[in-house]
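The chain contents come next:
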Amino acid sequence: MVALGHRSRLNCMISQKAACRTRLISVAITSIAICGACSAPDEARGSPARVDAGEGSDAEPAPGDSGATTPRRVVKLSMAHRSACATFNDGTAVCWGSNEYGQVGNGFTGGSYYAPAPVLNLTHAEEVVVSGNHACARLDDGTVQCWGEGFFGALGTGNTLGANVPQEVVGLSGVASIALGGTTTGAILEDETVRVWGADHVLGWSTLPTPVNGLENVEPFIRFGYGNCVGSGGGAALCWGPKDEPLYSFLALDAPLSSPTPVLELDEAVEGGFGFGYACALKARGNVVCWGENSDGKLGDGTTTDHSSPAPVQSLGRALQLSVGCKHACARLEDGTVWCWGSNYWGQLGIGYSYGFSDIPVRVPSLGDVVDLGVGCFASCALRRAV
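The model shown is predicted, which means the values in this text are computed figures rather than measured ones.

Draft legend 1. Main features of the overall build of the protein. Broken down by element type, the protein carries 0 helices and 30 strands. For the protein, contacts bridging at least 24 residues in sequence account for 50% of all contacts bridging at least 6. Carbon together with sulfur atoms contributes 50% to the accessible area of the protein, which is approximately 15,100 Å² in total.

Right, dumping it as structure tokens:
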């Protein structure tokens, strides 16, 4: 989270071959630059493109109000394969990138948006989370709104229709966190139980939020989508999903995990994700482990040798956040720096050029004070806190 009273800056590591356009947009009293999701190249970058989100001209306080208006700024960032969203401190949000299914949320469907577009009719948002073809917002009253592709009921509206503006998820309240993956959406409630809607590969297909039996007193989502894992108070992660799920491929399952099952190898995991043939998890103590196929050094262990079980990422300090892309991953450390490893074909490691790979984490130069991080297939974005 971004501390109140600070401005925010969004930095993007953009490729030469699938460049993400960086543009200034006016957002009330603040201007902020946000990278577009991927277009034909017209500006090549292999290092972060930084534009300050200046405070602008604050509005005058109302009569009798001794406080000044708080500058509008980004407080949360979410990035997926083809799109991204940013949430502001005033409860509104913008999205950009592919709009094939209306996932930008601006009332239109089709095409792509190379600059952020306001999400219509969205207020009081605490966070917006984006997946491949849909997005959802958790509001400050504990409800959830979703938009984009509705196939398999991923929007939670009781049907399979899509929407290009936010729609309230039916019968859901008291939500503490949300997670999206493919055509599935999930929520952890304040009572630490779980609701799922959409196409869960084991629990079935539901157009409305459905309780997951056997999940109580859970902590954050570790990964969500084709296979799902949630924390369990520092113990083994509880997972369910298809047998070939990359996140727990090391189990060599003969059948799907048909109900939440403890996975001891993911004990104390608090965050995770998977890309092309590999997966990574962040543990509670700040160490990161990866496993799977290791072309481009995407396991971060100093080799290109595949690993069938979790192995530590080398030369990485204590991490607070992990984001996993198709062929690269990045971690935000406790000192506010960002370190990335894996493929750099599109310049997504942010190290000044766009070729090759790194099989150990490398620091993104001149990037600090980072408070949020997002990684897609071809780009990486970081939200900075300005002093």
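Anyway, onward from the coordinates.
Draft legend 2. Quick peek at the sheet that holds strand β12 (residues 163–168). Taken in spatial order, the 4 strands make up an open sheet running β9-β10-β11-β12, and their pairing is antiparallel. Two strands lie at the open edges of the sheet, namely β9 (125–130) and β12, each paired on one side alone. Each strand axis lies, on average, 15° off the axis of its neighbour in the sheet, ignoring direction. For β9 and strand β10 (residues 134–139), the ladder comprises 5 bridges, and the chain directions are antiparallel. Pairing of A125 across the sheet is with L139, part of β10.

Draft legend 3. Focus on a negative patch on the surface. A cluster of acidic side chains, namely E190, D191, E192, E216 and E219, defines a negative patch on the protein surface. With respect to the element layout, E192 can be found in the loop between β14 (184–189) and β15 (194–200).

Draft legend 4. Local environment of the state of the cysteines. Enumeration over the complete set of coordinates arrives at 6 disulfides. The disulfide partner of C85 is C95, and the S-S distance across this bridge is 2.1 Å. For the disulfide bridge between C85 and C95, the dihedral angle about the S-S bond is near 105°, and by the sign convention the bridge is right-handed. Linking C85 in strand β6 (residues 83–88) with C95 in strand β7 (residues 93–98), this pair joins segments that are 10 residues apart in sequence. As far as the burial class goes, C85 and C95 line up, both buried. Covalent S-S linkage joins C326 and C377, the inter-sulfur distance amounting to 1.6 Å. One end of the pair, C326, is in the loop between β25 (319–324) and β26 (328–333); the other, C377, is in the loop between β29 (370–375) and β30 (380–386), and 51 residues separate them in sequence. The pair C326 / C377 is uniform in exposure class, with both members buried.

Draft legend 5. Focus on the packing of aromatic side chains. This model, assessed by the stated rule, comprises 5 aromatic pairs. With 4.9 Å between their ring centres and 70° between their planes, W346 and F378 make a pair best called edge-to-face. Of this pair, W346 sits in the loop between β27 (338–343) and β28 (357–363) while F378 sits in the loop between β29 and β30, placing them 32 residues apart in sequence. The rings of F151, F152 and W205 are connected pair by pair, giving a single aromatic cluster. Note that R72 overlies the ring of F88, its terminal NZ or CZ placed 3.8 Å from the centroid.

Draft legend 6. Seen up close, the pattern of salt bridges. Under the counting rule described, the total for this entry stands at 8 salt bridges. One salt bridge connects R138 with E127, and the closest N-O pair in it is separated by 3.0 Å. One end of the pair, R138, is in strand β10; the other, E127, is in strand β9, and 11 residues separate them in sequence. Overall, R138 belongs to the buried group, its relative accessible area being 16%. With a closest N to O distance of 2.4 Å, E293 and K298 form a salt bridge. Judged by its relative accessible area of 1%, K298 is buried.

Draft legend 7. The arrangement of the pairing of β14 in detail. Summarising burial for β14: 6 of the 6 residues are buried, a large majority. Burial of the side chains of β14 extends over both faces: T184, G186 and I188 are buried on one face and T185, A187 and L189 on the other. Where strand β13 (residues 175–181) meets β14, 6 bridges bridge the pair, whose relative direction is antiparallel. Across the sheet, G181 pairs through a bridge with T184, a residue of β14. Between the end of β14 and the start of β15, which pair antiparallel, lie 4 residues, with E192 showing a positive phi angle near 65°.

Draft legend 8. Representation of the environment of G350. Relative to the helices and strands, G350 resides in the loop between β27 and β28. Here G350 falls in the buried class, since its relative accessible area comes to 1%. As for G350 and S47, which are separated by 303 residues in sequence, their C-alpha atoms are 4.1 Å apart.

Draft legend 9. Representation of the sheet that holds strand β18 (residues 228–230) within the structure. Read across the sheet, 4 strands follow the order β17-β18-β19-β20 without closing on themselves; strand pairing throughout is antiparallel. Single-partner strands in this sheet number two, and they are β17 (221–223) and β20 (257–263). Pairs of neighbouring strands in the sheet enclose a mean axial angle of 25°, with direction left out of account.

Draft legend 10. Representation of unusual backbone geometry. Here E268, not a glycine, exhibits a phi torsion of approximately 60°, which is positive. Among the secondary structure elements, E268 is positioned in the loop between β20 and β21 (269–274). By relative accessible area, E268 is classed as partly exposed at 25%. You will see that S366, though not glycine, has its phi angle at about 55°, which is positive.

Draft legend 11. Structural detail: the side chain of Q145. Structurally, Q145 is set in strand β11 (residues 144–148). In this structure Q145 touches N121, L122, A135, C136, A137, L139, P166, Q167, E168 and V169, once residues within four positions along its chain are discounted.

Draft legend 12. Highlighting the side chain of S323. Relative to the helices and strands, S323 resides in strand β25. Only 3.1 Å separates the side chain of S323 from the backbone nitrogen of V375, close enough to count as a polar contact.

Conventions used here
- Residues numbered from 1 in each chain as written.
- Predicted model: local features only at pLDDT ≥ 70, side-chain atom pairs only at ≥ 80, totals over all residues.
- Heavy atoms only, no water.
- Helix = DSSP H or I, 4+ residues; strand = E, 2+ residues; numbered from the N terminus.
- Contact = heavy atoms within 4.5 Å.
- Areas by Shrake-Rupley, 256 points an atom, 1.4 Å probe, with all protein chains shown as cover.
- Pairing = 2+ DSSP bridges.
- Axes fitted to C-alpha atoms, helices over the stretch in contact; angles between N-to-C directions.
- Patch = residues over 30% accessible without salt bridge, like charges linked within 9 Å, V, L, I, M, F, W, Y side chains within 5 Å.
- Salt bridge = Lys/Arg side-chain N within 4 Å of Asp/Glu carboxyl O.
- Lys, Arg positive; Asp, Glu negative; His and termini not counted.
- Charge placed at Lys NZ, Arg CZ, Asp CG, Glu CD.
- Disulfide = S-S within 2.5 Å.
- Buried < 20%, exposed > 50% of the residue type's maximum accessible area, 1.4 Å probe, protein only.
- Phe/Tyr/Trp six-rings, centres within 6.5 Å; stacked < 30°, edge-to-face > 60°.
- Lys NZ or Arg CZ within 6 Å of the ring centre and 35° of its normal.
- Polar contact = N/O pair within 3.5 Å; in protein donor to acceptor, adjacent residues only side chain to side chain.

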